[in-house]
Amino acid sequence: MAHSRRNAETLLETLTEYDRLVEIGIGRRTDVAAALADRGVAVTATDVHDRSVPDGVRFVRDDIVDPDPAVYATADAIYALHLPPELHRPALAVAREADADLLFTTLGGDQPAIPVERRTIETGTLYVARATAGRRR
């Protein structure tokens, strides 16, 4: 049987299932937010430091440990790249308050500190914590 179908989704394919996203801790890695905005997804990027973001991406200075709930209130999902374990629980709390899914990758061998579904993507594993138990995308 030919392998015409890839085994792993791409991160962008997964994130474009949502209309409104908030990225936690964008830092200097803006390529994912830029690609999402180019695909018509509404993206807000946050960081504890002021950051330059691509055209089409809104930036808000915010700390996920002491968040402004208004930043996340209209999000369908919140995502983070290389989210450290100590931020998994605060990020999940913010996502649940906003009734949004939380999707994240970790750095290296870090394991999730919260209950998650695992999805294989081209760069490794994407962890998904659903806003509500029965919600599936």
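About the criteria used
Chains are numbered independently. Their residues run from 1 in the order of the written sequence. Owing to the predicted nature of the model, reporting of local features is limited to residues with pLDDT of at least 70; listing and counting of side-chain atom pairs is limited to 80 or more, with chain, interface and lining totals taken over all residues. As a convention, hydrogens and water are excluded, and side-chain values are obtained from all of the structure's heavy atoms. Accessibility here uses a 1.4 Å probe with only protein chains present; expressed as a share of the type maximum, an area under 20% marks a residue as buried, one over 50% as exposed, and anything in between as partly exposed. Going along the chain from the N terminus, every DSSP run of H or I of four or more residues is numbered as a helix, and every run of E of two or more is numbered as a strand. Pairs of residues are marked as contacts when any of their non-hydrogen atoms sit within 4.5 Å. We call two strands paired when DSSP finds no fewer than two bridges between them. A right-handed crossover is one whose linking path, passing over the helix from the first strand to the second, runs clockwise when the strands point away from the viewer. We call a set of buried Ala, Val, Leu, Ile, Met, Phe, Trp, Tyr and Cys residues a nonpolar core when their side-chain atoms join them within 4.5 Å. The charge count includes Lys and Arg as positive and Asp and Glu as negative, but it does not include His or the ends of the chains. Just to be clear on terms, a salt bridge is a Lys or Arg side-chain nitrogen sitting within 4 Å of an Asp or Glu carboxyl oxygen. Throughout this description, a polar contact denotes any pair of N or O atoms lying within 3.5 Å of each other; where both atoms belong to protein, one of them has to be capable of donating a hydrogen while the other can accept it, and for residues adjacent in sequence the pair is counted only when both atoms sit in side chains.

- The name given to the protein in an unreviewed UniProt entry is UPF0146 protein HT576_01975, with Haloterrigena gelatinilytica as the source organism.

Notes on helix α2 (residues 31-38)
- Along α2, 6 of the 8 residues are buried, which leaves the element largely enclosed by surrounding structure.
- Among all positions in α2, only V32, A33, A34, A35, L36 and A37 are buried.
- Each element contacted by the buried residues of α2 is listed here: α1 (11-15), β1 (20-23), β2 (42-47), β3 (57-61) and β4 (77-80).
- Note on α2: the residue one or two positions beyond its end, G40, has a positive phi of about 90°.

Describing the pairing of β1
- In terms of strand pairing, β1 meets β2 through 4 bridges, oriented parallel. Residue pairing across strands places R20 opposite A42, the latter belonging to β2.
- For the segment spanning β1, α2 and β2, crossover handedness is right-handed.

Some details on the nonpolar core
- Counting 23 residues, the largest nonpolar core has I64, Y72, I78, L102, F104 and I114 as the members making the most contacts within it.
- Counting residues per element, this core draws most heavily on helix α4 (residues 88-97), at 4 residues.
- Ignoring sequence-local partners within four residues, the contact set of L102 consists of I78, H88, A91, L92, A95, I114, Y127, V128 and A129.
- V41, V43, I121 and V128 belong to the second-largest nonpolar core, a separate cluster that totals 20 residues.

Considerations on unusual backbone geometry
- If you check the backbone angles, H82 has positive phi at about 60° while not being a glycine.
- Of note, H82 is situated in the loop between β4 and α4.
- Positioned with a positive phi, D99 is a non-glycine residue whose angle comes to about 55°.
- Following the sequence through the fold, D99 ends up in the loop between α4 and β5 (101-104).
- Taking relative accessible area as the criterion, D99 reaches 42% and is therefore assigned partly exposed.

Section: the environment of H49
- By the secondary structure assignment, H49 is in the loop between β2 and β3.
- On a C-alpha basis, the gap between H49 and T120 in space is 31 Å, while along the polypeptide they are 71 residues apart.
- If near-sequence neighbours (up to four positions away) are discounted, H49 is found in contact with F59 and R61.

Describing the side chain of E23
- Mapped onto the secondary structure, E23 falls in strand β1.
- It turns out E23 is buried and unbridged, and the closest side chain with the opposite charge, R29, is 4.8 Å from it.
- Within the structure, E23 has its side chain in polar contact with the side chain of Y79 (distance 2.6 Å).
- Excluding anything up to four places from it in sequence, E23 contacts R29, A33, T44, A45, T46, Y79 and L81.

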